[in-house]
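Listed below, chain by chain, are the residues.
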Amino acid sequence: MKTKNYFRRLGFFAAILFCSFSAQADPIALPEKSVTPQITFLICFSILLETACILFLLRRFRKPRFFILWLLGLHLITYPAFLGFLWQFQDMRPAFAAALGEGLIVIIEGTLIYLICRYVQMKQNLPRASLIRCWLISLAGNACSLIAFPLLTNLYDFISRNA
Amino acid sequence: MKLIARFFRRPNQAVKPRFIFILFVVAMFGVLAICTREPRYHGRTLTSWLQQCWDTPLMETQRLAEAQNAVRAIGANKALPKLLKLVEAKDDPVSLWMIDTGEKFRISDEFGDRFLRWHSALDFQWLGERGFEALGTNAAPAADVLGKLFDEKFPDGEDERLHPLVIERCLESIGKPAEPVICQALTNSNPVIRQWAIDQLASVTDDVVVYIARIKPSLKDPSDTVRRTTVDAIGIQTSAPELAVPILVEALKDSSVSVNAANALANFGTNALVAFPILTNLVENGNDGTAGAALKTLIIIAPDRAFPIFTNCLAQAKPWIDATLQALTDVRPDKVLPIVLARLQSPDVAMRRKAFGLLRHYPETSQIDSAMQTAAADSDSGVALGAKGFLTEQYETNHPDKFLFPDEPSYNGKRLGEWLETRIEGGGDFTPAAKRAIHQMGTNAIPALLKRLTYQRPPYCFSPFQININAATAFIALGEQAEPALPELWMLMDNTNKEIALTAMIATCGTGSNAMPFLIKGLTNPFPDVRNEAANLLTEGIGDKFPEQRKRAIPFFVKLLNDSDDDVRLNATNQLKEIDPATAVKFGIK
């Protein structure tokens, strides 16, 4: 009987998750240009730039193998977290909300880098990076991608106009 | 970059930056704590209550009252600092860029329909204003600060022009306690604010004498618009004619405000007779605007004395005479009627249209009726349609709908027509009792319903939509009992009257799969409205229940992609995408 209830509950949640009320809408097809390629380009380049910056700054410290993959994977946590912060702070001025969100991400990301460098097994004779250093590196990486974002936007617009 | 790299190569020298960074982290959390600290009520922040005030439509009184009560419960002491911050909000380039980019990438908007809802400075200002509206006079301590905001320079940006408006609305909400601030605003450097102060002062000044004395200096204002506002404001002080009329007579000499002054004098009726000579002079010598306004006022304050002046101007075919004709129709309709009827025969279309506009306000007489029938045959479609509508309305008044179909079946002592009007509150579906009655009448109701469906109101065969559509919905309520009517409805779909063709198609929707051929036929109807409705019903209405039969409609949908009507094409595109995505892709719809 318990199993039955369990499945019923699951069914209820599935119904909520996959309900198709939106399919009842009356869409009007407007010739809108898709923004997905531009967003993908911007996010990928910003993350790559940030990763490159962190790798460069941590090159003389002990770090695990495939560190670049660790850093890229890290963004699976920090990027949604950043969006979550923006959502949470959306009642503030946008510039202020973004600055605050970035600040918190710097702290989270720095802490995660520190944990990766400290607890993942590695055989190197290099010194370990301290927590504060990791925060600073994260700050530099995020600043780099933040500054690059508007430049990349303009670059993409320029390329798409002239392509 | 080299400096940063060098710094990281020498770990021991990084003590100072570390402290700076710890300071940064602490400051970060400090700022977070300060920024998210806000007065709360029932666990929700003041901003979220203000947002509820802003988002709630005025009709949702309960939700609006809940938010306003919450702001009041927070109290003026706690809420005012935050409200003033909101009202003082200013845009910065980074925020503007973020709002712009967010909209461009479709991740944010100003309505809350997307993931993020960024607020521009103007949004924050309006949120603040909602707080002032809720607090009312309790927000009085903030009046002086708001007054000081008036002294700021407002740039020419579109949003910035609205900033003074927000401050004005806040002061209006404060009301009487804001009186000194509003008085000060009379001398503000911005003419828009001076204009507002002139109007707003009237609602916070109890004595009309004091009010006129306060705004009288504004008649010498360098701005024309401010002077006009002053004249208009004095012009509505009809309780103090002894003060207002001399000021207005004096204002007639100022060519920038003479039209306003002349119009305003009309509000004082016979108390403005003292202005008769000067107004007569303006009719003779003033420019078109002033002369028209002056004559209109003369007609209102002394119609009989002004009539010869009017006929004289009419003879001279003054271009502004139409406005005065309207005024004269209001005070002496009998005197004007011959003029109106004569103008209805004019070769000038614009003149005929204006005359028709005046004629339709006259009470029904045989003379008006005959003039209307002539107008119904006018070469101008606007006049002709208006006259036909007027005569149809008259016919409707003389022949009430309930007597139009005398041979209808009845159920439980109520006739079919009465059951068709029995709807669920809010104008929705039939009530269960009405549905039962229609079912009980069954096939007996079909002849009467067909009569109603095809009824056109004499004398010009206008389709009374409510009667026609009520019959169609009754057919739907009959369900499969309506099947005997299908051959007749099939023929009616070929009717040259659009409404009949449309309602005949809709009427079949209760007959299940039998309706499908009708809807498919509707896709090739000559009227775009019928084609559109057929496409809608096939996609989301009855067609959804019979997907196999609907497949027969796909070639017709494909043809509609090249329809001559834009709306039909757009609708067909969307509907085809919905019912057959594969075919839609084949025809280039993504």
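Source: prediction; values computed, not measured. (Residues numbered from 1 in each chain as written. Chains lettered and ligands numbered in written order. Predicted model: local features only at pLDDT ≥ 70, side-chain atom pairs only at ≥ 80, totals over all residues. Heavy atoms only, no water.)

A. Structural context of the overall build of chain A. When helices and strands are tallied, chain A shows 5 helices and 0 strands. Ordered by position in the sequence, the α and β elements of chain A form the string α-α-α-α-α. Sorting the 163 residues of chain A into buried and exposed places 39% on the buried side. Considering only residue pairs separated by 6 or more positions, chain A has 74% of its internal contacts joining residues 24 or more positions apart. (Helix = DSSP H or I, 4+ residues; strand = E, 2+ residues; numbered from the N terminus. Buried < 20%, exposed > 50% of the residue type's maximum accessible area, 1.4 Å probe, protein only. Contact = heavy atoms within 4.5 Å.)

B. Seen up close, the overall build of chain B. Of the regular secondary structure elements, chain B holds 35 helices and 6 strands. Looking at chain B as a whole, 48% of its 590 residues qualify as buried. Partitioning the intrachain contacts of chain B with sequence separation of at least 6 by distance along the chain shows that 60% fall at a separation of at least 24.

C. Geometry of unusual backbone geometry. With omega at 0°, the peptide bond leading from B:Pro458 into B:Pro459 counts as cis. The phi dihedral of A:Phe66 is positive, around 50°, even though this residue is not glycine. Looking at the element boundaries, A:Phe66 is found in the loop between helix 2 (36–57) and helix 3 (67–88). On the accessibility criterion, A:Phe66 (55% relative accessible area) is exposed. At B:Asn412, a position not held by glycine, the phi torsion is positive, near 55°.

D. View of the packing of aromatic side chains. Scanning the model with the defined rule gives 11 aromatic pairs over all chains in all. Ring centres of B:Tyr41 and B:Trp49 lie 6.1 Å apart, and the angle between their planes is 55°; this geometry places the pair in the tilted category. Of the aromatic side chains, those joined through ring pairs into one cluster are A:Phe41, A:Phe45 and A:Tyr156. Sitting above the plane of the A:Phe56 ring, A:Arg59 keeps its charged end 4.3 Å from the centroid. (Phe/Tyr/Trp six-rings, centres within 6.5 Å; stacked < 30°, edge-to-face > 60°. Lys NZ or Arg CZ within 6 Å of the ring centre and 35° of its normal.)

E. Summary view of the side chain of B:Asn525. Residue and element names in this part refer to chain B. Inspection of the secondary structure assignment puts Asn525 in the loop between helix 30 (515–522) and helix 31 (528–539). Among the residues examined, Asn525 registers a relative accessible area of 6% and is labelled buried. At 2.9 Å, the side chain of Asn525 and the backbone nitrogen of Phe527 are in polar contact. Each residue touching Asn525, except ones within four places of it in the same chain, is listed here: Met493, Ala501, Val530 and Arg531. (Polar contact = N/O pair within 3.5 Å; in protein donor to acceptor, adjacent residues only side chain to side chain.)

F. Representation of the confidence of the model for chain B within the structure. Residues and elements named next belong to chain B. Looking at chain B as a whole, the pLDDT averages 88, with 94% of positions reaching at least 70. Ranking the elements of chain B by mean pLDDT puts helix 1 (residues 2–9) last with 52 and helix 13 (residues 224–235) first with 96. Here the prediction assigns the complex a pTM of 0.66, and the interface score ipTM is 0.76. (pLDDT = per-residue confidence, 0-100.)

G. Main features of the packing of helix 13 of chain B against helix 15 (residues 258–265) of chain B. Residues and elements named next belong to chain B. Contact pair helix 13 / helix 15: the axes reach a minimum separation of 9 Å and the direction vectors enclose 5°. Of the possible angle classes, the one that applies to helix 13 and helix 15 is roughly parallel. Contacts between helix 13 and helix 15 pair Arg228, Val231, Asp232 and Gly235 from the former with Asn260, Ala261 and Ala264 from the latter. When the residues that make up the contact of helix 13 with helix 15 are grouped by side-chain class, the tally is 3 nonpolar, 2 polar and 2 charged. (Axes fitted to C-alpha atoms, helices over the stretch in contact; angles between N-to-C directions. Parallel < 35°, antiparallel > 145°, perpendicular 65-115°, else oblique. Nonpolar A, V, L, I, M, F, W, Y, C, P; charged D, E, K, R; others polar.)

H. Representation of the state of the cysteines. Residues and elements named next belong to chain A. A complete count under the given rule lists 0 disulfides over all chains for this structure. Counting only cysteine sulfurs, Cys144 is the nearest neighbor of Cys53, a cysteine outside any disulfide, at a range of 4.4 Å. Judged by its relative accessible area of 6%, Cys53 falls in the buried class. (Disulfide = S-S within 2.5 Å.)

I. Main features of the nonpolar core. Residues and elements named next belong to chain B. Counting 113 residues, the largest nonpolar core has Phe132, Leu146, Leu171, Leu279, Leu295 and Leu359 as the members making the most contacts within it. Once you skip the residues sitting within four places of it in the chain, Leu359 turns out to touch Leu337, Val340, Leu341, Leu344, Ile368, Ala371 and Met372. Judged by nonpolar contacts, the second largest core, of 59 residues, contains Phe475, Ala501, Val530 and Val558. (Core = buried A, V, L, I, M, F, W, Y, C linked by side-chain atoms within 4.5 Å.)

J. Inspection of a nonpolar patch on the surface at higher detail. Residues and elements named next belong to chain A. Taken together, the side chains of Phe66, Ile68, Leu69 and Trp70 present a nonpolar region at the surface, about 430 Å² in accessible area. Mapped onto the elements, Leu69 comes out in helix 3. Given a relative accessible area of 53%, Leu69 falls into the exposed group. (Patch = residues over 30% accessible without salt bridge, like charges linked within 9 Å, V, L, I, M, F, W, Y side chains within 5 Å. Areas by Shrake-Rupley, 256 points an atom, 1.4 Å probe, with all protein chains shown as cover. Salt bridge = Lys/Arg side-chain N within 4 Å of Asp/Glu carboxyl O.)

K. Local environment of the pattern of salt bridges. Residue and element names in this part refer to chain B. Within this structure, the stated rule accounts for 30 salt bridges over all chains. With its nearest N and O atoms 2.8 Å apart, the salt bridge here joins Asp221 to Arg194. Of this pair, Asp221 sits in the loop between helix 12 (208–215) and helix 13 while Arg194 sits in helix 11 (residues 191–204); the two residues are 27 residues apart in sequence, bridging distant segments of the chain. The two residues Asp221 and Arg194 agree in class, both being buried. Put simply, Glu548 and Lys551 hold a salt bridge, and the shortest N to O gap is 3.1 Å. Like Glu548, the residue Lys551 is exposed in the burial classification. Taken together, the salt bridges that share partners define one network made up of Lys176, Glu179, Asp206 and Arg214.

L. Representation of helix 34 (residues 566–579) of chain B within the structure. Residue and element names in this part refer to chain B. The terminal C-alpha atoms of helix 34, which comprises 14 residues, lie 20 Å apart, in line with the 20 Å expected from a rise of 1.5 Å per residue. Those residues of helix 34 lying buried are Val568, Asn571, Ala572, Thr573, Asn574, Gln575, Leu576 and Ile579. Where helix 34 is buried, its residues contact helix 31, helix 32 (547–550), helix 33 (554–560) and helix 35 (581–586). Backbone nitrogen of Asp567 and a side-chain oxygen of the N-cap are separated by 3.0 Å at the start of helix 34; the cap is Asp565. (Expected span 1.5 Å × (residues − 1).)

M. Region of interest: the environment of B:Arg106. Residues and elements named next belong to chain B. For Arg106, the location among the structural elements is in the loop between helix 6 (93–104) and strand 3 (108–109). What makes Arg106 partly exposed here is its relative accessible area of 30%. Along the primary structure Arg106 and Leu116 are separated by 10 residues, whereas in three dimensions their C-alpha atoms are 9.3 Å apart.

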